[in-house]
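# Structural characterization, general
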Amino acid sequence: MSGLLQSLESCLEQHIPPEDLAEVKRILYGGEARKLNLPAAALLAAQERDFELQGYGFEAAAEQLRRPRIVRVGLIQNKIPLPTDTAVAVQVAALHRRIEEIVEVAALCGVNIVCFQEAWTMPFAFCTREKLPWTEFAESAEDGVTTKFCQELARKHNMVVVSPILERDEIHWGTLWNTAVVISNSGAVLGKSRKNHIPRIGDFNESTYYMEGNTGHPVFQTQFGTIAVNICYGRHHPLNWLMFSLNGAEIIFNPSATTGNLSESLWPIEARNAAIANHCFTCPINRVGTEYYKNSFTSGDGGKAHHDLGHFYGSSYVAAPDGSRTPGLSRTQDGLLVVEMDLNLCRQVSDKWNFKMTGRYEMYADKLTEAVQPCFVPNIIRE
Ligand SMILES: NC(=O)NCCC(=O)O
């Protein structure tokens, strides 16, 4: 992992000859994203508060019967501000303060829907396998301190807030889940979406802490568009994206926590491919920084015990249904990515490429039903 590389895009800008840059961006990114003109006050506040602020826009063609449906989303990536052995309540409060000051800037930029990173109120401590204090970060999705905090933000800024937390479900005997709480711009809790796929890879020992989600693939109708949340490792599962899309999601957020050595080469591909395959916008968000734990832990691979999961590489971005994408935020710095999109692009691209129309879902539904039966015989033709 190169700790110094700020972002792939800054590297390209620096090293690709100027006469080739536009063509390189067309091939790699589907074109040069339109830069948004963000308010000077927002740029200044971001600088003072020490985070990167970037803004891009995606266009759609004008239609005769539908007005443009313009929405601005905000993706926030951040480091944990305090050491992991600071008191739980103090860490949570510090994260609330950090997010509050970034959301204020999102509001200045006209953001309608904001999404935070996975388990944003805590260090991503699931590498340790220790229960305390990490399970103490879990909160009620309905009326925990973080949900109340987000409801205030939503009301104050007239913004839909997607808040991925570690959830404690008191009704079901204190069960823990990895959950995104979706809060309407009215301040009401619209609902929640639990992480469907739990990693069992390397230091990501998350199944020690919480269960595979049981909320299916809910889509939330907001004033600004229909949204869904595919949490982190669900990014690797094309059917997970598909189901959110079949339920009508126009924007799918992917709040994540993932590290360089493990997944950085997959990061630019998976969510972008999901945007293309499902005719929707996708918004992967990753935390930044290296989180240190006092007690060492092993990866179960015979390697040495260590004190961190590796570097969380940020690089949050937005991909559009036509396959184009924004540059990523920094690999090392807190950041806010503001992206304006016309949701009419989803149907326009669908009418062009027809992936849903040609999807032959009935064929796959039948065959998948067969494939999961114990008596399944793979269809291999032999001589
Ligand atoms: N948080 C999480 O599910 N991480 C797993 C690693 C990855 O999906 O890249």
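One structure accompanies this document, and this report is about it. (Residues numbered from 1 in each chain as written. Predicted model: local features only at pLDDT ≥ 70, side-chain atom pairs only at ≥ 80, totals over all residues. Heavy atoms only, no water.)

### Considering the overall build of the protein
What counts is decided by this rule: Only DSSP runs of H or I with at least four residues qualify as helices, and only runs of E with at least two residues qualify as strands; both kinds are numbered from the N terminus onward. We compute the radius of gyration over the C-alpha atoms and compare it with the globule rule, which gives 2.2 Å times the number of residues raised to the power 0.38. Working definition: with a 1.4 Å probe on protein chains only, accessible area under 20% of the residue-type maximum means buried, over 50% means exposed, and in between means partly exposed.
Counting its secondary structure elements, the protein contains 10 helices and 14 strands. Taken against the 2.2 N^0.38 rule, which gives 21 Å for 383 residues, the C-alpha radius of gyration of the protein at 21 Å falls within 12% of a compact globule. Principal-axis analysis of the C-alpha atoms gives the protein an extent of 65 × 55 × 45 Å. Per-residue burial for the protein yields a buried fraction of 54% across its 383 residues.

### Side note on the site of the ligand
Defined as follows: Near, as used in this document, describes a residue that has one of its heavy atoms within 4 Å of the molecule or strand being considered. Residues adjacent in sequence count toward polar contacts only when both atoms are side-chain atoms; beyond that, a polar contact is any pair of N or O atoms within 3.5 Å, and within protein one must be able to donate a hydrogen and the other to accept it. Nonpolar residues are Ala, Val, Leu, Ile, Met, Phe, Trp, Tyr, Cys and Pro. Charged residues are Asp, Glu, Lys and Arg, and all others, Gly as well, are polar.
Around the ligand sit 14 residues, and of these Glu-118, Lys-195, Cys-232, His-236 and Thr-258 come closest. Note that an oxygen atom of the ligand is positioned 2.8 Å from one of the side-chain N or O atoms of Lys-195. For the ligand, an oxygen atom lies 2.6 Å from a polar atom in the side chain of Thr-258. Looking at side-chain class alone, the shell around the ligand contains 7 nonpolar, 3 polar and 4 charged residues.

### A closer look at the pairing of strand 9 (residues 225–229)
The condition that has to hold: For two strands to count as paired, DSSP must find a minimum of two bridges between them.
Where burial is concerned, most of strand 9 is hidden: 5 out of the 5 residues are buried. Note that strand 8 (residues 220–222) and strand 9 share 3 bridges and pair antiparallel. Directly across from Thr-222, in strand 9, lies its bridge partner Gly-225. Turn length for the strand 8-strand 9 hairpin, with the two strands adjacent in sequence and antiparallel, is 2 residues.

### A closer look at the side chain of Thr-258
Applicable threshold: For this analysis, residues touch if any pair of their heavy atoms sits within 4.5 Å.
Summarising the element assignment, Thr-258 is placed in the loop between strand 10 (251–256) and helix 7 (260–263). The class of Thr-258 is buried, set by a relative accessible area of 3%. Among the polar contacts listed, one links the side chain of Thr-258 to the side chain of Ser-263, at a separation of 2.4 Å. Not counting residues up to four positions away in its chain, the partners in contact with Thr-258 are Phe-204, Arg-235, Ser-263, Trp-267, Asn-286, His-311, Phe-312 and Tyr-313.

### A closer look at the environment of Leu-329
Turning to its location among the elements, Leu-329 is positioned in the loop between strand 13 (306–313) and strand 14 (335–342). Residues Leu-329 and Thr-208, 121 residues apart in the sequence, show an inter-C-alpha distance of 31 Å. Not counting residues within four places of it along the chain, the set of residues in contact with Leu-329 comprises Ser-7, Glu-52, Gln-54, Leu-75, Gln-77, Ser-315, Ser-316, Gly-335, Leu-336 and Leu-337.

Note that every value here comes from positions in space, so none of it alone points to a role or purpose.
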